[in-house]
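In case you want the letters, here they are:
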Amino acid sequence: MIETDDLHFRHGDDPVLDGVNFEAQTGEVTVIFGRNGAGKSTLLRHFNGLFEPDSGTVFVGDEPVEYDDDSLADLRMRVGLVFQNPDDQIVAPTVEQDVEFGPRNAGIDDPDRIERVLSEFDLDERTDRLCNTLSGGEKKRVSLAGVLAMEPEYVLLDEPTAGLDGDGCRTIVRFVESLTDAGITPVIATHDVGFGLTVADTVTVLEDGVIDYRGETLSQALAERYGLRNYVFETWASPAE
Ligand SMILES: Nc1ncnc2c1ncn2[C@@H]1O[C@H](COP(=O)(O)OP(=O)(O)OP(=O)(O)O)[C@@H](O)[C@H]1O
C-alpha cells in the first residue's frame, strides 16, 4: 500500500499539502480527484520521492520513504511515475532507446523484456522512430512502456487522459485494467470524472490541502461541489445531443 501520515508541503510560501492522510490499497485502483492547482501532481511526486515532505511521512509497502540516494533509487524502481506530458518523460532519441533507458540505468540488461513491452504497446514496428517525430498519443505509449519496462509494483499516472481523444482515453482505461491484472497497483491523479469513475475502486478528493473525501464513487452533487466535470463523456457527446 501507499500511505501518507499528516503530510505537509509548501511550494515557496504557498502551503499546497496541509496535513494529507492518504491511503491506496495494494491491488486496488485509487483515483485522486481535485480541481486545477489542488496539489494532485505534488502529492503523486511524494509517492516516488521526487518531493520530500516538509513534515509528515510517506509509506510505501509499510516502510517509511527515506531520502538518501540509494533508498530513492530503489523506491523509483518500485514506484513508476507517468508524467502528464510525455515530453517531460522521454529522455532518449529513439523509441527503443527510450524504453530500455530505465532498466539499463538500473544495470538490467534484458532484451526480451524490452521486446515484450514494445510489442505490448504496439511499438514494435516503430522501434527506430525518433521520439520527437511521434504523435502525442504515440509518445504517451512510449512513456507508459518506459515505466512498465522497470517492472514496478506501483504505477502513478498524472492526468493520463489529458490531450487524448476518445480512442486514446479507452487505451488508457485498458492500460489501467492491464496493470491490476498484472498485480501492479495504479494510483491516478485526474480531474476527468468520467475517466476516473470508470477505472476507480476507491475515489479520493484533494481539496484545500487535505483529503476531503474518500469513498467508492462520487455523486454528481459532490463532483459539482469540488468543481469537477465529466470531460471524457463531454468529448464523446455529439453536438446534436
Ligand atoms: N515547482 C513549483 N514551484 C512553485 N509552485 C508550484 C510548483 N509546482 C506546483 N506549484 C503550485 O502548487 C500548486 C499545486 O500544483 P499541482 O501541479 O500539484 O496541482 P494539480 O492539482 O496537479 O493541478 P492541475 O490539475 O492543474 O495539474 C499550484 O498552485 C501550483 O502553482
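Since this is a predicted model, take the numbers as computed values, not measurements. (Residues numbered from 1 in each chain as written. Predicted model: local features only at pLDDT ≥ 70, side-chain atom pairs only at ≥ 80, totals over all residues. Heavy atoms only, no water.)

**Q** I keep staring at unusual backbone geometry and nothing clicks. Help me out?
**A** Across the chain, the bulk of peptide bonds are trans and the bulk of non-glycine residues have phi less than zero. With phi around 50°, Glu-151 is a residue other than glycine that occupies positive phi space. On the secondary structure map, Glu-151 appears in the loop between helix H5 (136-148) and strand S8 (154-158). Judged by relative accessible area, which is 44%, Glu-151 ranks as partly exposed. For Asp-208, which is not glycine, the phi torsion reads 55° and is therefore positive. In this fold, Asp-208 is placed in the loop between strand S10 (202-207) and strand S11 (210-215). Using a relative accessible area of 69% as the deciding quantity, one classes Asp-208 as exposed. (Helix = DSSP H or I, 4+ residues; strand = E, 2+ residues; numbered from the N terminus. Buried < 20%, exposed > 50% of the residue type's maximum accessible area, 1.4 Å probe, protein only.)

**Q** Looking at this structure, how should I read the site of the ligand?
**A** Looking at the ligand, the residues that line it are His-11, Val-16, Arg-35, Asn-36, Gly-37, Ala-38, Gly-39, Lys-40, Ser-41, Thr-42, Glu-159 and His-191. Contact distances for the ligand include 2.8 Å between an oxygen atom and a backbone N or O atom of Gly-37. Within the side chain of Ser-41, a nitrogen or oxygen atom sits 2.8 Å from an oxygen atom of the ligand. Contact with the protein chains hides 55% of the accessible area of the ligand, taken as 640 Å² for the molecule alone. At 3 residues, helix H1 (residues 40-47) tops the list of elements feeding residues into the shell around the ligand. Its residues assigned to classes, the shell around the ligand shows 2 nonpolar, 7 polar and 3 charged. (Near = heavy atom within 4 Å. Polar contact = N/O pair within 3.5 Å; in protein donor to acceptor, adjacent residues only side chain to side chain. Areas by Shrake-Rupley, 256 points an atom, 1.4 Å probe, with all protein chains shown as cover. Nonpolar A, V, L, I, M, F, W, Y, C, P; charged D, E, K, R; others polar.)

**Q** Teacher, can you tell me more about the pattern of salt bridges here?
**A** The full count for this structure, using the stated rule, is 12 salt bridges. With its nearest N and O atoms 3.2 Å apart, the salt bridge here joins Glu-151 to Arg-116. Of this pair, Glu-151 sits in the loop between H5 and S8 while Arg-116 is found in helix H4 (residues 111-120), placing the two residues 35 residues apart along the sequence. Put simply, Asp-167 and Arg-170 hold a salt bridge, and the shortest N to O gap is 3.4 Å. With a gap of 3 residues between them, Asp-167 and Arg-170 both fall in helix H6 (residues 166-181), about one helical turn apart. Connected through shared salt-bridge partners, Asp-110, Arg-113, Arg-116 and Glu-151 make up one network. (Salt bridge = Lys/Arg side-chain N within 4 Å of Asp/Glu carboxyl O.)

**Q** I'm lost on a negative patch on the surface in this one. Help?
**A** Among the surface-exposed residues, Asp-62, Glu-63, Glu-66, Asp-68, Asp-69, Asp-70 and Asp-74 lie close enough to one another that they form a single negatively charged patch. No other element matches helix H2 (residues 69-78), which puts 3 residues into the negative patch. Position of Asp-70 among the secondary structure elements: in helix H2. (Patch = residues over 30% accessible without salt bridge, like charges linked within 9 Å, V, L, I, M, F, W, Y side chains within 5 Å. Lys, Arg positive; Asp, Glu negative; His and termini not counted. Charge placed at Lys NZ, Arg CZ, Asp CG, Glu CD.)

**Q** Would you take a moment to explain the side chain of Thr-161 for this structure?
**A** Here Thr-161 is to be found in the loop between S8 and H6. Owing to a relative accessible area of 6%, Thr-161 belongs among the buried residues under this scheme.

**Q** Could you clarify how one ought to interpret the sheet that holds strand S9 (residues 185-190) in this entry?
**A** Sheet strands associate in pairs through backbone hydrogen bonding, adopting either a parallel or an antiparallel arrangement. Pairing is mixed in the open sheet, where 6 strands are placed in the order S7-S8-S9-S4-S10-S11. In the strand order of this sheet, the two ends are held by strand S7 (79-82) and S11, each with one partner. The average angle at which neighbouring strand axes cross in this sheet is 20°, direction not considered. Pairing of strand S4 (residues 30-33) with S10, which is carried by 4 bridges, proceeds in the parallel orientation. Of the residues in S10, the one forming a bridge with Val-31 is Val-203. Contacting S7 and S8, H2 runs over the sheet at an angle of about 70° to S7. (Pairing = 2+ DSSP bridges. Axes fitted to C-alpha atoms, helices over the stretch in contact; angles between N-to-C directions. Contact = heavy atoms within 4.5 Å.)

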